[in-house]
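One letter stands for each residue in the lines below.
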Amino acid sequence: MLTEILGRSPSVRSAAGGSAGWPHQEWRETVDQYTSEVKQWLNERFRATTSDGYFYAHQNIYGFKSPYAEPGIALRYVIMYNVLKALSHLRFDTLLDVGCAEGYMIAVIRQFFNAQVQGTDLSEEACARAREIFQVPADPVDAVQLPYADEAFDVVLSSETLEHIPNYEEVFRELLRVARRAVVITVPQDPPQLVADNIRRQIPHAHVHAFTLDSFRDLIPSVYAVQAWGLYSGILRLPYRLVEGRPISLEFRGQYEQLLLKALNPVITFADKVMNEGALKMLLKLDDWLAKRFPTQRQLIFVILKDPTGWIEPAAAVDVDELLAFQVPLHPLSDPSQAIAPKA
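About the criteria used
Residues numbered from 1 in each chain as written. Predicted model: local features only at pLDDT ≥ 70, side-chain atom pairs only at ≥ 80, totals over all residues. Heavy atoms only, no water. Buried < 20%, exposed > 50% of the residue type's maximum accessible area, 1.4 Å probe, protein only. Helix = DSSP H or I, 4+ residues; strand = E, 2+ residues; numbered from the N terminus. Pairing = 2+ DSSP bridges. Axes fitted to C-alpha atoms, helices over the stretch in contact; angles between N-to-C directions. Parallel < 35°, antiparallel > 145°, perpendicular 65-115°, else oblique. Left-handed = near helix turned anticlockwise from the far one by under 90°. Contact = heavy atoms within 4.5 Å. Nonpolar A, V, L, I, M, F, W, Y, C, P; charged D, E, K, R; others polar. Polar contact = N/O pair within 3.5 Å; in protein donor to acceptor, adjacent residues only side chain to side chain. 1 Å grid on protein atoms, 1.4 Å probe; cavity = no way out; pocket = protein on both sides within 12 Å on 5 of 7 lines; lining within 4 Å. Points joined across faces, edges and corners; volume = space filled by probe spheres on them. Salt bridge = Lys/Arg side-chain N within 4 Å of Asp/Glu carboxyl O.

Enquirer: Is there a simple way to think about the pairing of strand S7 (residues 297-305) in this case?
Expert: Consecutive residues of a regular strand have side chains that alternate between opposite faces of the sheet. By the criterion of burial, S7 is predominantly enclosed, with eight of the nine residues buried. Bridge count for strand S5 (residues 179-188) against S7 is seven bridges, and the pairing is antiparallel. By the bridge assignment for S7, Ile185 is matched with Phe302. Judged from the eight bridges that link them, strand S6 (residues 225-233) and S7 form a sheet pairing that is antiparallel. Across the sheet, the residue bridging to Ala225 is Leu305, located in S7.

Listed below in structure tokens is the structure:
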């Protein structure tokens with residue numbers, strides 16, 4: 001289905017190929033079917049628990065290195081730090097997060113900026129977790145048609161969302177429509193061959209676009225200004241892995257890669273005992289330095305300013321200690337999913 005949507009879309013292009021004459025109504029029905037399947041997958045994911053009955057977090061809601069959250073803790077802190085850094089250059093009172101998951105980002109933003117926040121997600125279960133865990137308003141909606149007035153929010157955030165959406169251009173235009181001052185977007189910079197493989201294997205909720213710093217150029221009106229930079233340097237890939245402290249999965253690896261990882265994983269496990277918050281703070285600063293000098297980024301951030309004069313310099317520094325200290329107690333689910341996450 002993904003190959004059909006991306007390869008034959010009248011408007012969408014991706015690593016899957018170009019666009020060629022597919023009747024719009026038929027294409028839209030196929031997109032809607034795919035969206036429905038992704039929504040079901042997401043609902044199951046956001047009902048998932050550990051074997052002892054606690055919500056298995058997608059984001060870093062339980063704090064640094066919690067075993068009750070998905071792998072990728074270091075990456076998510078890098079992204080959150082850069083989002084806060086971007087927002088520190090803006091003046092805003094209201095913020096909408098499109099693709100809010102369980103609400104971690106808007107909860108952090110509310111604490112840092114004392115802003116009025118609103119979340120949306122395709123998944124009803126994700127929105128339920130956001131309301132339960134963080135007491136933030138969250139609406140289950142499809143981002144291709146946001147139920148908000150033009151310029152309803154000072155800032156609109158969409159973090160790690162557009163790469164999952166086949167028709168992301170439609171969502172991009174909606175983000176611009178409901179934003180009064182600025183739109184902040186983060187996406188991965190995946191190798192095209194990885195994206196093509198995701199599409200070929202029909203992986204649910206996979207990354208189906210290969211973005212670069214030029215990806216949104218044709219979608220942004222010329223009267224707007226853009227600030228953009230790379231983050232999560234590939235040079236720091238191993239140090240971030242050591243901070244994470246979790247063995248790397250051998251799944252979908254070649255024979256020689258598996259042998260290498262079998263030798264590396266014990267080192268990563270040992271590093272978990274010594275690589276602490278201080279190590280992550282050092283890596284965040286080093287990542288900033290590398291991003292300004294070498295094109296080694298594996299993630300991207302864009303700040304689209306509807307008012308080109310809205311970028312504030314200098315901006316207040318982000319308090320990394322406050323970010324790392326942000327956490328909530330383990331959240332039990334009274335009606336856990338049948339699909340249980342790995343035991344924490």
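Enquirer: Whenever I open this one, the packing of helix H8 (residues 237-244) against helix H10 (residues 277-291) confuses me. Can you help?
Expert: The axes of two packed helices give the description: the angle between them and the distance between them. Between H8 and H10, the least distance of the axes is 10 Å, while the angle of their chain directions is 155°. If you check the angle between H8 and H10, you find them roughly antiparallel. For the pair H8 and H10, the sense of crossing is left-handed. Between H8, through Pro239, Tyr240 and Val243, and H10, the contact on the second element is made entirely by Ala279, Leu280, Leu283, Leu284 and Asp287. Of the residues in the contact of H8 with H10, the class split is seven nonpolar, no polar and one charged.

Enquirer: How should helix H5 (residues 124-134) be read in this particular structure?
Expert: In terms of burial, H5 is a largely internal element, eight of the eleven residues being buried. Within H5, the full set of buried residues consists of Glu125, Ala126, Cys127, Ala128, Arg129, Ala130, Ile133 and Phe134. Capping the start of H5, Ser123 holds a side-chain oxygen 3.2 Å from the backbone nitrogen of Glu125, two or three residues further along. Among the residues trailing H5, Gln135 stands out with phi positive, at a value near 55°.

Enquirer: What is the right way to read empty space enclosed by the protein from this model?
Expert: The gaps of empty space that remain are located by a probe, the size of a water molecule, rolled over the atoms. Considering all chains together, one arrives at one cavity of 30 Å³ or more under this definition. Its boundaries defined by the atoms lining it, the largest cavity holds a volume of some 30 Å³. Together, Gly230, Leu231, Tyr232, Ser233, Asp287, Leu290, Ala291, Phe294, Thr296 and Gln297 line the largest cavity. Breaking the lining of the largest cavity down by element, the ones donating at least two residues are S6 and H10. By residue number, the principal contributor to the lining of the largest cavity is S6, which donates four residues. Counted by class, the lining of the largest cavity contains five nonpolar, four polar and one charged residues.

Enquirer: It is not clear to me how the environment of Ala179 should be interpreted in this structure. Could you clarify?
Expert: With respect to the helices and strands, Ala179 occurs in strand S5. Assessed through its relative accessible area of 0%, Ala179 is described here as buried. Note: C-alpha distance between Ala179 and Ile304 (125 residues apart in sequence) is 9.9 Å. If we skip the residues at most four places from it in the chain, Ala179 touches Glu151, Phe153, Val156 and Lys306.

Enquirer: Explanation requested: the pattern of salt bridges in the structure shown.
Expert: If charged atoms from side chains of opposite charge come close, those side chains can pair. For the structure shown, the criterion picks out 15 salt bridges. The partner of Arg201 in a salt bridge is Asp197, with the nearest N and O atoms 2.9 Å apart. Of this pair, Arg201 and Asp197 both sit in helix H7 (residues 192-201), four residues apart, which is roughly one turn of the helix. Relative accessible area serves as the criterion here: at 29%, Arg201 is assigned to the partly exposed category. The shortest N-O distance in the salt bridge between Lys281 and Asp321 comes to 2.7 Å. One end of the pair, Lys281, is in helix H10; the other, Asp321, is in helix H11 (residues 320-325), with 40 residues separating them in the sequence. Each member of the salt-bridge network shares a partner with another, and the members are Arg47, Glu125, Arg129 and Glu132.

Enquirer: Help me understand helix H6 (residues 168-178), please; the structure alone is not making it clear to me.
Expert: Because an α-helix packs 3.6 residues into every turn, residues spaced three or four apart end up facing the same way. Counting buried positions over the eleven residues of H6 gives nine, a clear majority of the element. Every buried residue of H6 is listed here: Tyr168, Glu169, Glu170, Val171, Phe172, Glu174, Leu175, Leu176 and Val178.

Enquirer: Can you walk me through the sheet that holds strand S1 (residues 94-98) in this structure?
Expert: Backbone hydrogen bonds hold the strands of a sheet together, and the pairing may be parallel or antiparallel. Judged by pairing direction, the sheet is mixed, and its seven strands sit side by side in the order S3-S2-S1-S4-S5-S7-S6 without closing on themselves. A single partner strand is all that each edge strand has here, and the edge strands are strand S3 (138-140) and S6. Here the strands of the sheet are splayed against their neighbours by 15° on average, with no regard to which way each runs. Judged from the three bridges that link them, strand S2 (residues 116-121) and S3 form a sheet pairing that is parallel. Bridge assignment links Gly119 to a residue of S3, and that residue is Ala138. Relative to S6, helix H3 (residues 73-87) is tilted by about 155°, and along the sheet it contacts S1, strand S4 (153-159), S5, S6 and S7. H5 rests against S2 and S3 of the sheet, and its axis sits at about 170° to S3.

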